[in-house]
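# Inside the fold
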There are 2 protein chains.
Amino acid sequence: MVVSLKDIAQRAGVSLATVSNVVNGYRPVGERTRQRVQQAIDELGYSPNLGARHLRRGRTGLIALAVPELTNPYFAELAEIAISEAAGLGYTLLMENTAADRDAELALLDGSRQRVIDGLILSPVRIGREEVLARTADSPLVLIGEGVYDVPHDHIAIDNVAASHAAIRHLVSIGRRRIAFIGATQGGDRQSAHLRVQGYREALAAAGLPYRPRLVARTDAFGRLDGKRAMRDLLALGDRPDAVFGYNDLVAIGALRALAEAGHRVPEDVAVVGIDDIEEGRFSAPTLTTIAPDKREIGRLAVRRLVARIEGAEVAGSLTVQTPFQLIRRESTGARGG
Amino acid sequence: MVVSLKDIAQRAGVSLATVSNVVNGYRPVGERTRQRVQQAIDELGYSPNLGARHLRRGRTGLIALAVPELTNPYFAELAEIAISEAAGLGYTLLMENTAADRDAELALLDGSRQRVIDGLILSPVRIGREEVLARTADSPLVLIGEGVYDVPHDHIAIDNVAASHAAIRHLVSIGRRRIAFIGATQGGDRQSAHLRVQGYREALAAAGLPYRPRLVARTDAFGRLDGKRAMRDLLALGDRPDAVFGYNDLVAIGALRALAEAGHRVPEDVAVVGIDDIEEGRFSAPTLTTIAPDKREIGRLAVRRLVARIEGAEVAGSLTVQTPFQLIRRESTGARGG
DNA sequence: GCGCGGCTCTATAACGTTATACAGGCGATG
DNA sequence: CATCGCCTGTATAACGTTATAGAGCCGCGC
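Residues numbered from 1 in each chain as written. Chains lettered and ligands numbered in written order. Predicted model: local features only at pLDDT ≥ 70, side-chain atom pairs only at ≥ 80, totals over all residues. Heavy atoms only, no water.

Turning our attention to the protein's contact with DNA strand C. A:Thr18, A:Arg27, A:Gly30, A:Thr33 and B:Arg56 are the nearest of the 26 residues found near DNA strand C. The sugar-phosphate portion of DNA strand C accounts for 64% of its atoms within 4 Å of the protein, the bases making up the rest. A:Ser15 is positioned such that a nitrogen or oxygen atom in its backbone is 2.8 Å from a phosphate oxygen of DNA strand C. B:Tyr46 places a polar side-chain atom, nitrogen or oxygen, 2.8 Å from a phosphate oxygen of DNA strand C. Looking at the surface near DNA strand C, the elements with two or more residues in it are α2 (16–24) and α4 (50–57) of chain A together with α2 (16–24) and α4 (50–57) of chain B. If you tally residues by element for the surface near DNA strand C, the top one is α4(B), at 5 residues. (Near = heavy atom within 4 Å. Polar contact = N/O pair within 3.5 Å; in protein donor to acceptor, adjacent residues only side chain to side chain. Helix = DSSP H or I, 4+ residues; strand = E, 2+ residues; numbered from the N terminus.)

Taken together, 26 residues form the shell around DNA strand D, and within it A:Arg56, B:Thr18, B:Arg27, B:Gly30 and B:Thr33 come nearest. When the atoms of DNA strand D within 4 Å of the protein are sorted by group, sugar and phosphate make up 62%. Within the side chain of A:Arg53, a nitrogen or oxygen atom sits 3.0 Å from a phosphate oxygen of DNA strand D. Between DNA strand D and B:Thr18, the relevant distance is 2.5 Å, taken from a phosphate oxygen to a side-chain nitrogen or oxygen of the residue. Here the surface near DNA strand D takes 5 residues from α4(A), the largest share from any one element. For the surface near DNA strand D, the class distribution of residues is 12 nonpolar, 8 polar and 6 charged. (Nonpolar A, V, L, I, M, F, W, Y, C, P; charged D, E, K, R; others polar.)

The next subject is the environment of A:Leu171. All names here are of chain A. Mapped onto the elements, Leu171 comes out in helix α8 (residues 160–173). When the C-alpha atoms of Leu171 and His153 are compared, they prove to be 36 Å apart, with 18 residues separating the residues in sequence. The residues touching Leu171, leaving out its near neighbours within four places in the chain, are Arg176, Ile179, Ala243, Val244, Phe245, Ala271, Val273 and Thr333. (Contact = heavy atoms within 4.5 Å.)

Next up on the list: the interface of chain B and chain A. Taken together, the contact between chain B and chain A spans 45 residues of the former and 46 residues of the latter. Counting each side, the surface lost to burial between chain B and chain A is near 3,800 Å², with a carbon and sulfur contribution of 61%. Our count for the chain B to chain A interface comes out at 4 salt bridges. The salt bridge involving A:Arg257 is made with B:Glu331; its shortest N-O contact spans 2.5 Å. On the surface where chain B and chain A come into contact, there are 12 residue pairs in polar contact (both at pLDDT 80 or more). (Buried area = accessible area lost by both parts, 1.4 Å probe. Salt bridge = Lys/Arg side-chain N within 4 Å of Asp/Glu carboxyl O.)

Before going further, it helps to spend a moment on helix α5 (residues 73–88) of chain B. Residues and elements named next belong to chain B. In a regular helix each residue adds 1.5 Å, so 16 residues correspond to 22 Å; α5 covers 23 Å between its end C-alpha atoms and thus fits that length. Here α5 lies mainly inside the structure; 12 of its 16 residues are buried. Within α5, burial applies to Pro73, Tyr74, Phe75, Ala76, Glu77, Leu78, Ala79, Ile81, Ala82, Ile83, Glu85 and Ala86. Between a side-chain oxygen at the N-terminus of α5 and the backbone nitrogen of Tyr74 the separation is 2.9 Å; the capping residue is Asn72. Positioned one or two residues after α5, Gly90 has a phi angle of 85°, which is positive. (Expected span 1.5 Å × (residues − 1). Buried < 20%, exposed > 50% of the residue type's maximum accessible area, 1.4 Å probe, protein only.)

Residues and elements named next belong to chain A. Taken together, 6 strands build an open sheet; the order of strands is β2-β1-β3-β4-β5-β11 and the sheet is parallel. Of all strands in the sheet, those with a lone pairing partner are β2 (92–97) and β11 (320–323), marking the two edges. The average undirected angle you get between the axes of adjacent strands in this sheet is 20°. Strand direction decides the pairing type here: strand β1 (residues 62–67) and β2, joined by 6 bridges, are parallel. (Pairing = 2+ DSSP bridges. Axes fitted to C-alpha atoms, helices over the stretch in contact; angles between N-to-C directions.)

All names here are of chain B. Taken together, the buried positions of helix α1 (residues 5–12) are occupied by Ile8, Ala9 and Ala12. Down the axis of α1, the buried set is contained in an arc of 100°. They therefore lie on one face. Opposite the buried face of α1, by more than 90 degrees, sit the exposed residues Lys6 and Gln10. Residues of α1 that are buried sit in contact with α2 and α3 (31–44). Looking one or two residues past α1, Gly13 carries a phi angle of roughly 70°, positive in sign. (Arc of directions from axis to C-beta.)

Turning our eyes to something else, we now look at the pattern of salt bridges. A full pass over the atoms with the stated rule returns 34 salt bridges over all chains. When the shortest N-O distance is used, the salt bridge between A:Glu131 and A:Arg102 registers 2.7 Å. Here A:Arg102 lies in helix α6 (residues 102–110) and A:Glu131 lies in helix α7 (residues 129–133), a separation of 29 residues in the sequence. Residues B:Arg304 and B:Glu85 are paired through a salt bridge, measuring 3.5 Å at the closest nitrogen-oxygen approach. Separated by 219 residues along the polypeptide, B:Arg304 in helix α12 (residues 295–310) and B:Glu85 in helix α5 bring together distant segments of the chain. Judged by its relative accessible area of 35%, B:Arg304 falls in the partly exposed class. Since its relative accessible area comes to 13%, B:Glu85 is described here as buried. By sharing partners, the salt bridges in this structure join A:Lys228, A:Arg257, A:Glu261 and B:Glu331 into a single network.

Residues and elements named next belong to chain B. Pairing within the open sheet is parallel, and its 6 strands lie in the order β2-β1-β3-β4-β5-β11. Lying at the two open borders of the sheet, with one neighbouring strand each, are β2 (92–97) and β11 (320–323). Pairwise comparison of adjacent strand axes, ignoring direction, gives a mean angle of 20° for this sheet. In the sheet, strand β4 (residues 141–144) pairs with strand β5 (residues 154–158) via 3 bridges, with the strands oriented parallel. Within the sheet, the bridge partner assigned to Leu143 lies in β5 and is His155.

With that settled, the discussion passes to the domain arrangement of chain A. According to the domain assignment, chain A consists of domain 1 (5–48), domain 2 (62–158 + 295–323) and domain 3 (160–293 + 327–333). With centres defined by C-alpha atoms, the gap from domain 1 of chain A to domain 2 of chain A works out at 37 Å. (Domains from an automatic or database assignment.)

As structure tokens, then:
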């Protein structure tokens, strides 16, 4: 049997309202009564009906984290952090998979899901500034990753241009001159790819190296297979690069695979760098040099800002936070050991 | 502004009940009225308040999938499938992370979370038959993976013993004689490890090979690092195995890494087989031979059975389904190409 | 001695739905 | 022509909770 406030009230011989006050302390209750009520709660094993509470309060205690792919370890690792942070704040985090689909992102942005969640953390891929501005829903929204700037929402990301700089500087520092980039995109979507390409170009220029469009490979998506295909295409071109910078670790790992299959040595023939620092890169052969964003910071910050907004803290304007990152050298650029 | 049934009713000049009937078709509505109501809905952009609906119907439309680790690609891949299957049936799937923690599993089993979800799909790791039997909550429960048998709940898994057989037979067929197992456990928890070890022993016996306890390595968890450490320990033992069967792909990938660091060639010196067929194993160097469970089938079946129970289909008794699996040969046991 | 404020507690009206009971109209049936 | 049943639609009571208004009681100050 499922116990409600009424059962407790009956058992303890008090009114509904008093039990409610004992449970959530909205108004003070006398010590004797409180004990009687508490005892009844313990005996009957009451736990509040969240649906009813939601109906009354207008909040569900649910927030969502929407990512383009659950199977990308970067997002899985981020999700684990966010889930535990949300739990600590009394919220339940719901994972949404947009599958990098524009309609899915739009639906989430102001769709019906909003009726059940108190707020949304979104990693946009296919939508841009206009779509976000056109949003009608009024529940709080926090953006993570890149793609959308200058909108009235909190935004947490790393500085992609700077991250690219760091990667390219590292490759230049170990003597590479023909540096390719894998993971550019066609359209204006996925801005982070643009930013990473931009950082790549700037850093090349800063190092006095020429920008060769042929060395920038486009991909449809950003998985291992995309990286592998792009690397294969680059190799087929004839003028082999001596280094590759991948849009993310998955793309870089795909590139590693293509290089191995083509019989090229990493890092001797071609050095490889990714972004994300997923665990897989610490176990690949060779291990993968990467730009490590502070996932813990990103996950915690995103949840905390969202919850702050939900709970009404009129935090000053929208806030864009750039979290730190770090270059981690591993075998794919010549570091020794694991 | 947030529109409710009342607003629609007013606009269309009908009663609340009629609008409700248009929305969810509980009772038929005349064609003319239906059109007027539908128009009002479209114009005002109504979407039902799920909290209220939950309160009234006693169902939330939320189901949960609880896994021991989100960052295990096997579960991430399974989750993607389950999420889309659930969406197709009109349910939202909530991911829960038990972090392989006993208390977390227990809390989920009959804890307060039950008040917000209609049913639970659980991949148990630390709890067994007794705990499941002692459960008080009465919402439907579907178990996936191994660990708990003979309980009155639906259960979907592969035949672990048979899977182990297939793996060992394969290793024997390519001439291996000293076959190690990585991923045994200490206690009675994580039954699947027991079953996989059991299959390993049986298959050794069937092949006329001796069972050497020293070649069975225990691990605390089942990640890459655990596999790497265990492999390192096995190598330190002196009598090097000529093949390794890992509890799962992650463990096997960790083993690959340890072998590479120790300078052993795979598969020439040591062949390696895992279980799960995660994408990572198709890109590792060497690519990983694995036992591939039918993740699509498992995910879809789990969701469908759970929903069937929720919706009251008194399906005959509890059902244990064993889904098919398949051996996929790759480089780590001598197959050529990707 | 009376009024007034503070302290507990209670009664009750929402929140937005859905299911039940009921009412009116109209054609078919006896 | 009266009656029955079907078909549409309505009014309304829940579901379990929380917030608001208010009731009873006690002690204190004038």
